[in-house]
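Summary of the model geometry
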Amino acid sequence: MGLLKGLKDSISRATDRLFSEQEPKRIGIYGPPNAGKTTLANRIARDWTGDAIGTESHIPHETRRARRKENVEIERNGKTVTIDIVDTPGVTTKVDYEEFTDEMNKDDAVRRSREATEGVAEAMHWLREDVDGVIYVLDSAKDPITQVNTMLIGIIESRDLPVLIFANKIDLDESSVKRIEDAFPQHKTVALSAKEGENMDEVYDNIAEYFG
Amino acid sequence: MPKATNPDAPDGVQIDLVSGQRMEGLTSMEKIRLILDGVHDGNIVILEEGLSPDEESKLIEVTMAEISPDEFNGIEIETYPRSDTRDSSLLGRLVGGEKPQAKLTVIGPANQIETLHKDETLISALVSRN
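Here's a quick rundown of the structure. Everything numeric in this text was worked out from a predicted model, so none of it was measured.

**Quick word on the packing of aromatic side chains**
All names here are of chain A.
- Per the counting criterion, the structure on display carries two aromatic pairs over all chains.
- With 5.2 Å between their ring centres and 90° between their planes, Trp48 and Tyr204 make a pair best called edge-to-face. Within this pair, whereas Trp48 is found in helix α2 (residues 37–49), its partner Tyr204 is found in helix α6 (residues 200–211), the two being separated by 156 residues in sequence.
- In this structure Trp48 comes out as partly exposed when scored by relative accessible area, which is 27%.
- Tyr204 gets classed as buried once you look at its relative accessible area, which sits at 3%.
- An angle of 65° between the planes, with centres 6.2 Å apart, marks the rings of Tyr210 and Phe211 as edge-to-face.
- According to the relative accessible area criterion, Tyr210 is buried, its value standing at 1%.
- Taking the ring centre of Phe100 as reference, the NZ or CZ of Arg112 above it sits at 5.6 Å.

**Examining the interface of chain B and chain A**
- On the side of chain A, 30 residues touch chain B, which itself brings 28 residues to the contact.
- Interface of chain B and chain A: buried area, both sides summed, is about 2700 Å²; carbon and sulfur atoms make up 56% of it.
- Seen at the junction of chain B and chain A, the total is four salt bridges.
- Two residues, Arg159 of chain A and Asp54 of chain B, come together in a salt bridge whose shortest N-O distance is 3.1 Å.
- For the side of chain B that touches chain A, the elements supplying multiple residues, two or more each, are α3 (53–66), β3 (75–79) and α4 (90–96) of chain B.
- A total of nine residues in the side of chain B that touches chain A trace back to one element, the largest contributor, which is α3 of chain B.
- Across the side of chain B that touches chain A, the residue classes tally to 10 nonpolar, six polar and 12 charged.

**Topic: the packing of helix α4 (residues 147–158) of chain A against α3 of chain B**
- At a minimum axis separation of 8 Å, α4 of chain A and α3 of chain B run at an interaxial angle of 125°. Judged on the interaxial angle alone, α3 of chain B and α4 of chain A are oblique. The two elements α4 of chain A and α3 of chain B meet at a crossing, and its hand is left-handed. Counting all contacts with α4 of chain A, which are made through Met151, Leu152, Gly154, Ile155 and Ser158 of chain A, the residues of α3 of chain B involved are Pro53, Glu56, Ser57 and Ile60 of chain B.

**Section: the nonpolar core**
- Residues Tyr30, Leu127, Val134, Tyr136 and Leu152 of chain A together with Ile35 of chain B are the most contacted members of the largest nonpolar core, which totals 49 residues.
- In terms of residues, this core owes the most to one element, helix α3 (residues 106–129) of chain A, which gives eight residues.
- Once you skip the residues sitting within four places of it in the chain, Tyr136 of chain A turns out to touch Tyr30, Gly31, Pro32, Val148, Asn149, Leu152, Ile153, Ile156, Val163, Leu164, Ile165 and Phe166 of chain A.
- Core analysis: the second largest hydrophobic core is formed by 27 residues, Ile29, Leu192, Val203 and Ala208 of chain A among them.

**Topic: the environment of Asp173 of chain A**
- Among the structural elements, Asp173 of chain A can be located in the loop between β5 (163–168) and α5 (177–183).
- With 16 residues separating them along the chain, Asp173 of chain A and Glu157 of chain A place their C-alpha atoms 31 Å apart.

**Here's the deal with the sheet that holds strand β1 (residues 15–18) of chain B**
Residues and elements named next belong to chain B.
- Here we have four strands laid out as an open sheet, ordered β1-β2-β4-β3, and mixed in their pairing. Pairing within the sheet leaves two strands with one partner each, and these edge strands are β1 and β3. Mean inter-strand twist for the sheet, computed between neighbouring axes without regard to direction, equals 15°.
- Two strands pair when backbone bridges link them, and β1 and strand β2 (residues 44–47) are joined in this way by four bridges, in the parallel orientation. Note on β2: the bridge partner recorded for Asp16 is Val45.

**Quick look at the environment of Tyr204 of chain A**
- Residues Tyr204 of chain A and Glu75 of chain A, 129 residues apart in the sequence, show an inter-C-alpha distance of 8.4 Å.
- Other than its neighbours up to four places away in sequence, Tyr204 of chain A contacts Arg43, Ile44, Asp47, Trp48, Ile74 and Arg76 of chain A.

**Overview of the pattern of salt bridges**
Residue and element names in this part refer to chain A.
- Summed over all chains, the structure comprises 18 salt bridges over all chains.
- Among the ionic pairs, Asp108 bridges to Arg111, the shortest N-O distance being 2.7 Å. With Asp108 and Arg111 both in helix α3 and three residues apart, this pair spans about one turn of that helix.
- Since its relative accessible area comes to 45%, Arg111 is described here as partly exposed.
- Residues joined in a network through salt bridges with shared partners are Arg26, Arg68, Asp130 and Asp132.

**What to know about the packing of α2 of chain A against α6 of chain A**
Residue and element names in this part refer to chain A.
- One can describe the packing of α2 onto α6 by two numbers: an axis separation of 12 Å at closest approach and a directional angle of 85°. Taken together, α2 and α6 sit at an angle that is classed as roughly perpendicular. Mapping the contact onto sequence places Leu40, Arg43, Ile44, Asp47 and Trp48 in α2 and Met200, Tyr204 and Ile207 in α6.
- A per-class count over the contact of α2 with α6 returns six nonpolar, no polar and two charged.

The rules behind the values
Residues numbered from 1 in each chain as written. Chains lettered and ligands numbered in written order. Predicted model: local features only at pLDDT ≥ 70, side-chain atom pairs only at ≥ 80, totals over all residues. Heavy atoms only, no water. Phe/Tyr/Trp six-rings, centres within 6.5 Å; stacked < 30°, edge-to-face > 60°. Helix = DSSP H or I, 4+ residues; strand = E, 2+ residues; numbered from the N terminus. Buried < 20%, exposed > 50% of the residue type's maximum accessible area, 1.4 Å probe, protein only. Lys NZ or Arg CZ within 6 Å of the ring centre and 35° of its normal. Contact = heavy atoms within 4.5 Å. Buried area = accessible area lost by both parts, 1.4 Å probe. Salt bridge = Lys/Arg side-chain N within 4 Å of Asp/Glu carboxyl O. Nonpolar A, V, L, I, M, F, W, Y, C, P; charged D, E, K, R; others polar. Axes fitted to C-alpha atoms, helices over the stretch in contact; angles between N-to-C directions. Parallel < 35°, antiparallel > 145°, perpendicular 65-115°, else oblique. Left-handed = near helix turned anticlockwise from the far one by under 90°. Core = buried A, V, L, I, M, F, W, Y, C linked by side-chain atoms within 4.5 Å. Pairing = 2+ DSSP bridges.

What follows is the structure, given as structure tokens:
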């Protein structure tokens, strides 16, 4: 299957799946730790509802439980789409409390790692059961070809969920959107900086097109 | 940090090479149990055939449930890149079910296995016994 046909089919699947239903779609924001998922979720929530979803931090696993912002109405080109945004913990296959002991004492680090593992397990469960579409956030300054990213994208594809890849942190000098496009050419990649609010118009256009 | 190793095991790293045939008759949870029991013992588990996406998802979920401070901090997992998913049509998935696509997968304790290199034909891993 060619790339263009793949993209077309992907959009078509998203439209077919979602077009007939009027209720809000649950859109899970997935990706590795520290990709900027919560910053993006907050940016979207603030832009359209005035409220943030969660705390942002440079420490991995700041988001340890999935958080949902319901009924986010996004208006694009005269059309309104309503989604529930689910901000999930960064998915990983390992969590070591010693990663946090530079920032906090051991008890707090252990508690943080326990919460993180519960959150990742929950996010994986929800991916199988409870989301209608996925925004997959990657740090465009980092190599996207990791086992976790490859696995997660494969899991999402196997469930036939519409997925948009967001290449975040384009404000960083080391950012390379092309590296992400080349890694996952079968999906639409949208470049942005959630922190700086760069390219958010295209972000919302694509959210409306894929999930509206 | 104490390591997830079997104290009765001889000095060395045990590698379990699991054939596709051995996995064929197992349920998803039995496969995951087989993998994680081996990893908890400090073994490196190599699957002749990979897991299905659904099984990979459950493997991450169960791994998270078993992480414990000072004992087990998770897994490293490496698989050859799946064949191009663009060619995995809905019809193909319906006909083929969620069968894993014969891809070798290496799984080991996160504190003992480090991937040095991976491409479409080679996984190079450093395994330490601490």
